[in-house]
Number of protein chains: 2
Amino acid sequence: MPEQITILGSTGSIGQSTLEVIKKHPEKFELVALGAGTNASEMIKQVKEHRPKFVAMASEEAAEQVRKEIPSQIPVLTGEEGLKEIATLEEVTYVVSAIVGSKGLPPTLAAIRAGKTIGLANKETLVTAGHLVMEEARKNQVSIVPIDSEHSAIFQCLNGENKKEATRLILTASGGSFRDWSRDQLKDATVETALNHPNFSMGPKITIDSATMMNKGLEIIEAHWLFGFPYEQIDVVIHPQQIIHSMVEYRDGSIMAQLGIPDMRVPIQYALSYPQRLTLDEMKLDLSEMSRLDFRVVDVERYPCVHLAYEAGRKGGTYPTVLNAANEEAVALFLNGQIKFLEIEECVEEALNQHVAVQAPSLEEIELADQWARELVMNLANASRSGKIR
Amino acid sequence: MPEQITILGSTGSIGQSTLEVIKKHPEKFELVALGAGTNASEMIKQVKEHRPKFVAMASEEAAEQVRKEIPSQIPVLTGEEGLKEIATLEEVTYVVSAIVGSKGLPPTLAAIRAGKTIGLANKETLVTAGHLVMEEARKNQVSIVPIDSEHSAIFQCLNGENKKEATRLILTASGGSFRDWSRDQLKDATVETALNHPNFSMGPKITIDSATMMNKGLEIIEAHWLFGFPYEQIDVVIHPQQIIHSMVEYRDGSIMAQLGIPDMRVPIQYALSYPQRLTLDEMKLDLSEMSRLDFRVVDVERYPCVHLAYEAGRKGGTYPTVLNAANEEAVALFLNGQIKFLEIEECVEEALNQHVAVQAPSLEEIELADQWARELVMNLANASRSGKIR
């Protein structure tokens, strides 16, 4: 019986790749519903090509546009309720959670409560609400399979092993576009040079997060929740070629690593087909191309965002929410030319310093902390026009 | 209940490391018997330190020496029969097969027939008699766990996976002491330079096999039998640092790799404790030391022994026996200064060319082919004094 799939966030890059994977294996995967935020034109295209039974758009306006262009027998639901509905449909067995940002959290939690297997690509779900999500998953005996390439690698390296015998999760990091710059050079880093990243052509937000290594910081927190390891047992190593996607060390000194071509279709397909592996022919790594792999220990002075993430993760409560929200806001300000590159980390640090955290927060408390951090960063940025942030 | 262990070949380097591992985990491993060939003095030392219940020496003379020096209540058996006896003792649950050469084969087969789990470090067992050994293992539902670091790595990379989804086994090779020499330079390679190998301090035979890459050739044949993969699906890649011990590629493009400090205690302990992993603290790989890993595709022109091993493996029957015996003899002649480095491969090739193979050979037919190949190489070497081998 093929997996019956809802994609939350189908119009983004993970969503699009997920549709490709589903299409290649019709005997294994069947699309039930597509959900997205505001991108009506991409959704119309997807509905015409992939024929889901249900559609949901977060924005009422976008929903209206979609309705006009697609066959009338396909219902187009709206808002958070619409997304929750397609995530919990009786016939659905698997939900891909790929909506970017905190909007992805409520429908993902609803899917978990409805007992659906989760393919997780939404960072915020675990960073801000890891305690809620993992507890719901346990209660409902739901598997959460990571889609992110680093976490997928760790998941694969833990497969068939006894987790208690693992001593360390080792996330690999590209080091970003400013990998070889000094702190001093970073002062003048521009948006243009930051976006000129060698390996992936990613979105601008992720590219900046990769340059500050905040992406790794968020991944550390995700790994903590997803695999249940304490922060002392989660390490990061810089590996510019991005061939090794992450590793797990065991107590006998063995390290298991997962490697391959850096292409999101591999972890997406793995998440959907797990515990099986299906054919993906064009993904064969040519060993003659893998001539050299480099590794470098992370210099925390050079990448203070990694340090901030460990701190926020260790303190827990609403700190990771503040870390994430302050970072999102600061990156947006940097991309708009309103703050400098090194002010991103300053904003995040200041937000963490000023925050009065709530422990074991509810969804509402998470939402409040998120808004508080965003407003604080806006104020900091305004203040910065007359000088330094701190 | 601790594993009750017999070590066949305790006085060699694998045997010695096995004793170290056993000593560290008395709650998991209990030594029952030690077996060896002729090294009486090392055996006397081992018996005094590790107190086995039984001893066996292949040589009657060595047995006599041992008897004189150890407590009289410990029986010292002799010959092939003695080795078989300690490999099949009722109380024994696990046999480490580490006798070098074809002498290891009969007691290993006896242990399999007696239903003992096998930790396999003896190459000849699979190279010359893979068809017999694996069939007996199947019939007796016996697990054969590899001790060799490359095969242990592959074993670990297949753990928890569906073997049918694996598309390629990738053995890593150091490339040996002449890695960066041209074919032309190899003509004058001496014993001294060959033995100056950077990573392991191995025995002279293995060091030469590593320089010709015949060790990888033999490992290819072992991997074929051990994991049941056809030769087209077994590859070799040169990896000078020997940090990645081998890899397995899956049909979705993912490659799983096992890495760590190159120390035989890791795979030995894994083989004994599998499916558990026990602590081995001093084996932690310092990631800051793993600054760079290199990979290079094997040039078959440069390493014809790899090509010869594929050929012998594909043809099957007594060809792998001839490959191994001719190589052993030729390496001994090279170490004695009687032939040149490049004549090793010529001897092996000529032996394979002249051989009339027996398919699915019995132990006796294997023994005959082995002797035939050794004699042929001796004759070739005598002939070579008056010119080239072929």
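Residues numbered from 1 in each chain as written. Chains lettered and ligands numbered in written order. Predicted model: local features only at pLDDT ≥ 70, side-chain atom pairs only at ≥ 80, totals over all residues. Heavy atoms only, no water.

Any chance you could break down the overall build of chain A for me, citing the residues and the numbers?
Counting secondary structure elements, chain A contains 16 helices and 13 strands. By the compact-globule yardstick of 21 Å for 390 residues, chain A fits well, its C-alpha radius of gyration being 21 Å. For chain A, the spread of C-alpha atoms along the three principal axes comes to 60 × 50 × 40 Å. Within the span of chain A, comprising 390 residues, buried residues form 61% of the whole. For chain A, the share of sequence-separated contacts (at least 6 apart) that also reach a separation of at least 24 residues comes to 68%. (Helix = DSSP H or I, 4+ residues; strand = E, 2+ residues; numbered from the N terminus. Rg over C-alpha atoms; globule rule 2.2 N^0.38 Å. Buried < 20%, exposed > 50% of the residue type's maximum accessible area, 1.4 Å probe, protein only. Contact = heavy atoms within 4.5 Å.)

Give me the packing of helix α4 (residues 79–88) of chain A against helix α5 (residues 105–113) of chain A: which residues, what numbers.
All names here are of chain A. Contact geometry for α4 and α5: axes closest at 8 Å, N-to-C directions at 30 degrees. Between α4 and α5, the angle is such that the two are roughly parallel. Considering only the axes of α4 and α5, their crossing is right-handed. Contacts between α4 and α5 pair Glu80, Leu83, Lys84, Ala87 and Thr88 from the former with Pro106, Pro107, Ala110 and Ala111 from the latter. (Axes fitted to C-alpha atoms, helices over the stretch in contact; angles between N-to-C directions. Parallel < 35°, antiparallel > 145°, perpendicular 65-115°, else oblique. Left-handed = near helix turned anticlockwise from the far one by under 90°.)

Before we move on, could you go through the state of the cysteines and cite the residues and values that matter?
Overall, the coordinates contain 0 disulfides over all chains when judged by the stated rule. With no disulfide of its own, Cys305(A) lies 10 Å from the sulfur of Cys347(A), the closest cysteine sulfur. Note on Cys157(B): no disulfide assigned, nearest cysteine sulfur contributed by Cys157(A) at a separation of 8.7 Å. (Disulfide = S-S within 2.5 Å.)

Account for the relation of the copies chain A and chain B, naming residues and giving values.
For the pair chain A and chain B, the superposition axis carries a translation of 0.0 Å, the fit reaches an RMSD of 0.0 Å, and the rotation angle comes to 180 degrees. On this basis, the relationship between the two copies can be described by a two-fold rotation axis. Judged by C-alpha distance, Gly160(A) is the residue of chain A that lies nearest the rotation axis, at 1.9 Å. Comparing interface residues between copies, 100% of those in chain A also sit at the interface in chain B, which points to an isologous, same-surface contact. (Least-squares fit on C-alpha atoms with pLDDT ≥ 70 in both.)

Which residues make up unusual backbone geometry, and what values go with them?
Residues and elements named next belong to chain A. The residue after Tyr274, namely Pro275, is reached through a cis peptide bond having omega 5 degrees. Here Arg51, not a glycine, exhibits a phi torsion of approximately 50 degrees, which is positive. Assignment of secondary structure puts Arg51 in the loop between α2 (40–50) and β3 (54–57). One non-glycine residue, Ala360, lies in positive phi territory at about 45 degrees. With relative accessibility at 59%, the residue Ala360 sits in the exposed group.

Explain the side chain of Thr321(B) to me, using residue names and the numbers behind them.
Mapped onto the elements of the fold, Thr321(B) is located in helix α14 (residues 319–335). On the basis of relative accessible area, Thr321(B) is assigned to the buried category, the value being 0%.

Please provide a residue-by-residue account of the interface of chain A and chain B, values included.
Residue-level contacts link 44 residues of chain A with 44 residues of chain B. A combined buried area of about 3900 Å² lies between chain A and chain B, and 50% of that area is made up of carbon and sulfur atoms. Along the contact surface separating chain A from chain B lie 6 salt bridges. A salt bridge links Glu161(A) to Arg277(B); the nearest nitrogen and oxygen atoms lie 2.8 Å apart. Viewed at the interface, chain B and chain A are joined by 26 residue pairs in polar contact (both at pLDDT 80 or more). Among the elements of the structure, α7 (149–158), β8 (166–173), β10 (244–250), β11 (255–259), α12 (265–273) and β12 (292–294) of chain A are those that each provide at least two residues to the side of chain A that touches chain B. Counting residues per element, the side of chain A that touches chain B draws most heavily on β11(A), at 5 residues. Its residues assigned to classes, the side of chain A that touches chain B comprises 21 nonpolar, 13 polar and 10 charged. Sheet topology places β12(A) next to strand β12 (residues 292–294) of chain B; 3 bridges connect them, and they run antiparallel. Opposite Leu293(A), over in β12(B), you have Leu293(B) as the bridge partner. (Buried area = accessible area lost by both parts, 1.4 Å probe. Salt bridge = Lys/Arg side-chain N within 4 Å of Asp/Glu carboxyl O. Polar contact = N/O pair within 3.5 Å; in protein donor to acceptor, adjacent residues only side chain to side chain. Nonpolar A, V, L, I, M, F, W, Y, C, P; charged D, E, K, R; others polar. Pairing = 2+ DSSP bridges.)

Run through the sheet that holds strand β7 (residues 144–146) of chain B, naming residues and quoting values.
Residues and elements named next belong to chain B. Spatial ordering of the open sheet is given by β4-β3-β2-β1-β5-β6-β7, a layout of 7 strands whose pairing is parallel. The sheet is open, and its two edges are formed by β4 (76–78) and β7, each paired on a single side. Here the average twist between neighbouring strands, direction ignored, is 25 degrees. Contacts from helix α4 (residues 79–88) reach β1 (3–8), β2 (29–36), β3 (54–57), β4 and β5 (94–97) within the one sheet, and its direction differs from that of β4 by about 125 degrees. Across the sheet, helix α5 (residues 105–113) is in contact with β1, β5, β6 (117–120) and β7; its angle to β6 comes to roughly 150 degrees.

I'd like to hear about the pairing of strand β2 (residues 29–36) of chain A, residue by residue, with values.
All names here are of chain A. A large share of β2 lies buried, amounting to 7 of its 8 residues. As defined by bridge partners, strand β1 (residues 3–8) adjoins β2 across 6 bridges and the pair is classed as parallel. Among the inter-strand pairings, Leu8 is bridged to a residue of β2, identified as Gly35. As judged from the 4 bridges shared by β2 and β3, these two strands associate in the parallel manner. Residue Ala33 lies in a different strand from β3, and its bridge partner there is Phe54. The parallel pair β2 and β3, bridged by α2, forms a crossover whose chirality is right-handed. (Right-handed = clockwise from strand over helix to strand, strands pointing away.)

Would you mind going over the environment of Pro52(A) in detail, with residue names and values included?
All names here are of chain A. Of note, Pro52 is situated in the loop between α2 and β3. In this structure Pro52 comes out as buried when scored by relative accessible area, which is 3%. Once the C-alpha coordinates of Pro52 and Thr6 are considered, the two residues, 46 residues apart in sequence, prove to be 8.9 Å apart. Beyond its immediate chain neighbours, meaning those up to four positions away, Pro52 contacts Leu31, Val32, Ala33, Leu34, Val47 and Ile74.

Would you mind going over the domain arrangement of chain A in detail, with residue names and values included?
All names here are of chain A. We note that the domain assignment places domain 1 (3–146), domain 2 (148–313) and domain 3 (316–390) within chain A. The C-alpha centroid of domain 2 is placed 25 Å from the C-alpha centroid of domain 1. If you look at the interface, domain 1 gives 24 residues, while domain 2 gives 25 residues. Here domain 1 is connected to domain 2 by 5 salt bridges. Across the salt bridge formed by Lys24 and Glu282, the nearest N and O atoms sit 2.8 Å from each other. Where domain 1 packs against domain 2, one counts 6 residue pairs in polar contact (both at pLDDT 80 or more). Those elements that place two or more of their residues in the side of domain 1 that touches domain 2 are β1, α1 (13–24), β5 (94–97), α6 (123–139) and β7 (144–146). When residues of the side of domain 1 that touches domain 2 are assigned to their parent elements, the largest contribution, 7 residues, is made by α1. Residue composition of the side of domain 1 that touches domain 2, grouped by class: 14 nonpolar, 5 polar and 5 charged. (Domains from an automatic or database assignment.)

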